[in-house]
Amino acid sequence: MLAITGFLPGDDPRMKATIDATASRLADERGLVYRYLAQDGLAGEEGTFLLCAFWLAQAQALAGELDLAMSTFERAVAAINDVGLLAEEVDAGSGEMIGNFPQAFSHIGLINAAWAIAQAQERAASGATSAVPVGAG
């Protein structure tokens, strides 16, 4: 969220390290992202959160990592059901949507990530290097 809110530039080395750590430590084998991996004391298993995957894609785009951003985005978008809706979570074992359904935050995350990727593609095409967070420009 530090890059997304403009607290630090996405391409700051500290942000890039955080983005890479999130992708390597909180993503499942499909590349979808958990909110956390610690025990929370709640019953049931935690699924991956689609909003977190979209945040990761957005942060990767702000970091100038277009290939990673597109890959993360495409994995999250693959969870869309037959009528174009997303749930809050994806079950780690079955890949089924779980949690709140439909989930507005997942859809907002999709829009923001898509916008950030499109903006990063435009910057790359024009040769610009500065990444401006969505809503900051």
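Preceding this paragraph is the structure being described.
What counts as what
Residues numbered from 1 in each chain as written. Predicted model: local features only at pLDDT ≥ 70, side-chain atom pairs only at ≥ 80, totals over all residues. Heavy atoms only, no water. Helix = DSSP H or I, 4+ residues; strand = E, 2+ residues; numbered from the N terminus. Contact = heavy atoms within 4.5 Å. Areas by Shrake-Rupley, 256 points an atom, 1.4 Å probe, with all protein chains shown as cover. Core = buried A, V, L, I, M, F, W, Y, C linked by side-chain atoms within 4.5 Å. Buried < 20%, exposed > 50% of the residue type's maximum accessible area, 1.4 Å probe, protein only. Expected span 1.5 Å × (residues − 1). Pairing = 2+ DSSP bridges.

*Asks:* Can you help me understand the overall build of the chain in this one?
*Replies:* Regarding its fold elements, the chain presents four helices and three strands. N-terminal to C-terminal, the α/β element order of the chain is α-β-α-α-β-β-α. Contacts spanning at least 24 positions in sequence make up 48% of the contacts within the chain whose residues lie at least 6 apart. Of the accessible surface of the chain, which amounts to about 7600 Å², a share of 58% is contributed by carbon and sulfur atoms.

*Asks:* Looking at this structure, I do not really get the nonpolar core. What am I missing?
*Replies:* Nonpolar side chains tend toward joint burial in soluble globular proteins. Ranked by size, the top nonpolar core spans 30 residues in total, and within it Leu50, Phe54 and Phe73 carry the most contacts. When contributions to this core are tallied by element, the ones reaching two or more residues are α1 (13-25), α2 (50-62), α3 (66-77) and α4 (104-126). For this core, the element with the highest residue contribution is α2, accounting for nine residues. Excluding anything up to four places from it in sequence, Phe73 contacts Phe54, Ala57, Leu110, Ala113, Ala114 and Ile117.

*Asks:* Explain unusual backbone geometry here, please?
*Replies:* What you tend to see is this: most non-glycine residues have negative phi, and most peptide bonds are trans. Cis peptide bonds are those with omega within 30 degrees of zero, and the linkage from Phe101 to Pro102 qualifies with -15 degrees. Relative to the helices and strands, Pro102 resides in the loop between β3 (97-98) and α4.

*Asks:* Is there a simple way to explain α2 in this structure?
*Replies:* Think of an α-helix as turning once every 3.6 residues; residues three or four places apart then point the same way. Over its 13 residues, α2 runs 18 Å from end to end, which matches the ideal 18 Å to within 8%, given 1.5 Å per residue. Tucked inside the fold, the buried residues of α2 contact α1, β1 (48-49), α3, β2 (89-90) and α4. Just downstream of α2, Gly64 is the residue with a positive phi angle, here 85 degrees.

*Asks:* Would you take a moment to explain the sheet that holds β3 for this structure?
*Replies:* The strands making up a sheet associate through hydrogen bonds between their backbones, and the pairing can be parallel or antiparallel. Reading across from one edge, β1-β2-β3 is the order of the three strands in this open sheet, with antiparallel pairing throughout. Because the sheet does not close on itself, it has two edges, and the strands there are β1 and β3. Pairing of β1 with β2 involves two bridges; the strand directions are antiparallel. Within the sheet, the bridge partner assigned to Phe49 lies in β2 and is Glu89.

*Asks:* Just to check I follow, could you spell out the environment of Lys16 for this structure?
*Replies:* Relative to the helices and strands, Lys16 is located in helix α1. For Lys16, a relative accessible area of 28% translates into the label partly exposed. Lys16 sits 46 residues away from Leu62 along the chain, and the two C-alpha atoms are 9.6 Å apart. Excluding residues within four positions of it along the chain, Lys16 makes contact with Gly10, Asp11, Ala63 and Glu65.

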